[in-house]
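# Coordinate inspection notes
Now for the letters of each chain:
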Amino acid sequence: PTKRTPNDFIFGKVIGEGSFSTVYLTKDIHTQKEFAIKVCEKHYIIKEKKTEYVKREKDILFYLSNTPFIVKLYYTFQDAERLYFVLSYAKNGELLPHINKVGSFDVECTKFYSGEILVALEYLHNMNVIHRDLKPENILLDENMHIMITDFGSAKMYKPAVDRKTKNGVSGCNDDEDEPRRRKNSFVGTAQYVSPELLTDKPVTPSSDLWAFGCIIYQMISGLPPFRSRSEYIMFQKITKLEYEFPSGFCEKARNLVEKLLVLDSEQRIGATDKVKYSSIRSHPFYESLDFDNLHKTTPPPIY
Ligand SMILES: NC(=O)Nc1ccc2c(c1)=C(Cc1cc(-c3cccc(C(=O)NCCN4CCCCC4)c3)c[nH]1)C(=O)N=2
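Residues numbered from 1 in each chain as written. Predicted model: local features only at pLDDT ≥ 70, side-chain atom pairs only at ≥ 80, totals over all residues. Heavy atoms only, no water.

### Section: the side chain of His98
Following the sequence through the fold, His98 ends up in helix α3 (residues 95–102). Polar side-chain contacts of His98 include one of 2.6 Å to the backbone oxygen of Asn92. Excluding anything up to four places from it in sequence, His98 contacts Asn92, Phe105, Leu141, Met145 and Ile303. (Helix = DSSP H or I, 4+ residues; strand = E, 2+ residues; numbered from the N terminus. Polar contact = N/O pair within 3.5 Å; in protein donor to acceptor, adjacent residues only side chain to side chain. Contact = heavy atoms within 4.5 Å.)

Below is the structure:
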């Protein structure tokens, strides 16, 4: 097909703001199909030295194309000033406003939606991709209220330990050797969901996403993330000291699972050493009777 240009789309409202991008609801004038177009200003990306991140997000999104529960990158194009990513449009927006609208989810909703997030993480991690900025704002809901994970601007490829030892390459995008010249894991992500290893410059592993997953389950049930403070410094202190509490009435089975995910040693988190990802989390009592393999075909429970 001929390369698209901005003139092939009607640009509507802003539906998202990345750290160096703006996302618009758009309609393709030829097909009338709706898309989300993420627009990045070239001069800003160059000035902020973010070209590597933008290229990595594009490579990873194309690499993940047609992965269930992950936003799809259809194609990209550019003009003199901007880069354009044509992405899936999720009609029901971000997960966060849905949690805030009802205050918190009941156990059925939490099981279903955290179950879909877990299946998405299984796909991601089996494809050696770590998201590194998982949070309710980056979990979208499509028109049928199924999830799509978005914003791979902080994501990276990783080499499973066995490959690192035997140096068998994993084809695909960047890995540690290609990190832009800066501290190995200088903080990426969003303060409230960032794992302790990312704050203390320890190796990044898929287990960092399991930490964020634990924070999201806590937030679904209680309405707020576990680590909160007006000061980012104090929040980081709470994370590295594991200072958080469960409100009274918190579902006991969910509490047990969260306590097994919010573990400071990333290798001790439930799921971190699963040979088959994430069998130990799927078999946790909180997920009793959840049919993980058919969630995408299941009608989501009402959120109320
Ligand atoms: N950083 C990124 O990559 N960001 C992206 C990427 C792709 C993408 C993306 C963000 C999307 C975000 C998005 C935002 C919205 C949206 C924005 C504002 C309002 C609404 C909205 O009101 N939807 C109806 C559902 N509401 C939700 C809240 C409770 C009441 C009912 C949706 C729809 N989709 C999207 O659809 N596709």
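### Notes on the site of the ligand
Neighbouring the ligand are 18 residues, the closest being Ile15, Lys38, Ser88, Ala90 and Thr150. Here an oxygen atom of the ligand and a backbone polar atom of Ala90 are 2.6 Å apart. Within the contact set of the ligand, a nitrogen atom lies 3.4 Å away from a backbone nitrogen or oxygen of Lys91. Protein chains shield 75% of the accessible area of the ligand, which is 770 Å² for the free molecule. Counting only elements with at least two residues in the shell around the ligand, the list comes to β1 (9–18), β3 (34–41) and α3. Here the element with the most residues in the shell around the ligand is α3; it accounts for three residues. A class-by-class count of the residues in the shell around the ligand yields eight nonpolar, five polar and five charged. (Near = heavy atom within 4 Å. Areas by Shrake-Rupley, 256 points an atom, 1.4 Å probe, with all protein chains shown as cover. Nonpolar A, V, L, I, M, F, W, Y, C, P; charged D, E, K, R; others polar.)

### Re the nonpolar core
Ile117, Ile147, Phe152, Phe213, Ile281 and Tyr287 are the most contacted members of the largest nonpolar core, which totals 79 residues. Tallying contributions element by element places helix α7 (residues 207–222) first for this core, with 10 residues. Ignoring sequence-local partners within four residues, the contact set of Phe152 consists of Glu57, Ile60, Leu61, Leu64, Ile70, Leu124, Val129 and His131. With seven residues, the next largest nonpolar core counts Phe9, Phe35, Ile37 and Val39 among its residues. (Core = buried A, V, L, I, M, F, W, Y, C linked by side-chain atoms within 4.5 Å. Buried < 20%, exposed > 50% of the residue type's maximum accessible area, 1.4 Å probe, protein only.)

### Some thoughts on the pattern of salt bridges
For the coordinates displayed, the defined rule picks out 15 salt bridges. Linking Lys253 and Glu288 is a salt bridge whose minimum nitrogen-to-oxygen distance equals 3.2 Å. One end of the pair, Lys253, is in helix α9 (residues 252–261); the other, Glu288, is in the segment after α10 (279–282), and 35 residues separate them in sequence. Three or more residues are tied together by salt bridges with common partners; here these are Glu41, Asp79, Glu81 and Arg82. (Salt bridge = Lys/Arg side-chain N within 4 Å of Asp/Glu carboxyl O.)

### Observations concerning the sheet that holds strand β2 (residues 21–28)
Backbone-to-backbone hydrogen bonds join strands into a sheet, with any given pair of strands oriented parallel or antiparallel. With respect to topology, five strands assemble into an open sheet ordered β1-β2-β3-β5-β4, the strand pairing being antiparallel. Of all strands in the sheet, those bounded by a partner on one side alone are β1 and β4 (73–78). Strand-to-strand, the axes of this sheet are offset by a mean angle of 25°, without reference to chain direction. With five bridges connecting them, β4 and strand β5 (residues 82–87) associate as antiparallel partners. (Pairing = 2+ DSSP bridges. Axes fitted to C-alpha atoms, helices over the stretch in contact; angles between N-to-C directions.)

### Focus on the packing of aromatic side chains
Tallied over the full model, the rule gives 17 aromatic pairs. Taken together, a centroid distance of 6.4 Å and an interplanar angle of 85° make the contact between Phe9 and Phe35 edge-to-face. Here the residue Phe9 occupies a position in strand β1, and Phe35 occupies one in strand β3, the gap between them amounting to 26 residues. Grouping residues by exposure puts Phe9 and Phe35 together as buried. Judged by centre distance (5.6 Å) and plane angle (10°), the ring pair of Trp211 and Phe227 falls under stacked. Of the two residues, Trp211 is situated in helix α7 and Phe227 in the loop between α7 and α8 (232–240); the sequence distance between them amounts to 16 residues. Put simply, the rings of Phe9, Phe11, Tyr24, Phe35, Tyr74, Phe77 and Tyr84 pair up and form one aromatic cluster. Across the ring face of Tyr53, the terminal group of Arg56 is positioned such that the distance to the ring centre comes to 5.8 Å. Cation over ring: Lys72 sits above Tyr74, and NZ or CZ is 5.3 Å from the ring centre. (Phe/Tyr/Trp six-rings, centres within 6.5 Å; stacked < 30°, edge-to-face > 60°. Lys NZ or Arg CZ within 6 Å of the ring centre and 35° of its normal.)

### Here we look at the state of the cysteines
One pass over the structure, following the stated rule, counts zero disulfides. Free of any disulfide, Cys109 has its nearest neighbouring cysteine sulfur in Cys251, separated by 13 Å. (Disulfide = S-S within 2.5 Å.)

### Observations regarding α9
All of the buried residues in α9 are Ala254, Leu257, Val258 and Leu261. Down the axis of α9, the buried side of the element spans an arc of 100°, and every buried residue falls inside it. Elements in contact with the buried residues of α9: α7 and α10. (Arc of directions from axis to C-beta.)

### Some details on the packing of helix α4 (residues 107–126) against α7
Two elements in contact, α4 and α7, have axes separated by 10 Å at closest approach and are oriented at 170°. The orientation of α4 relative to α7 falls into the category roughly antiparallel. Side by side, α4 and α7 meet where Thr110, Tyr113, Ser114, Ile117, Leu118, Leu121 and His125 of the first sit next to Asp209, Leu210, Phe213, Ile216, Ile217, Met220 and Ile221 of the second. When its residues are assigned to classes, the contact of α4 with α7 shows 10 nonpolar, three polar and one charged. (Parallel < 35°, antiparallel > 145°, perpendicular 65-115°, else oblique.)

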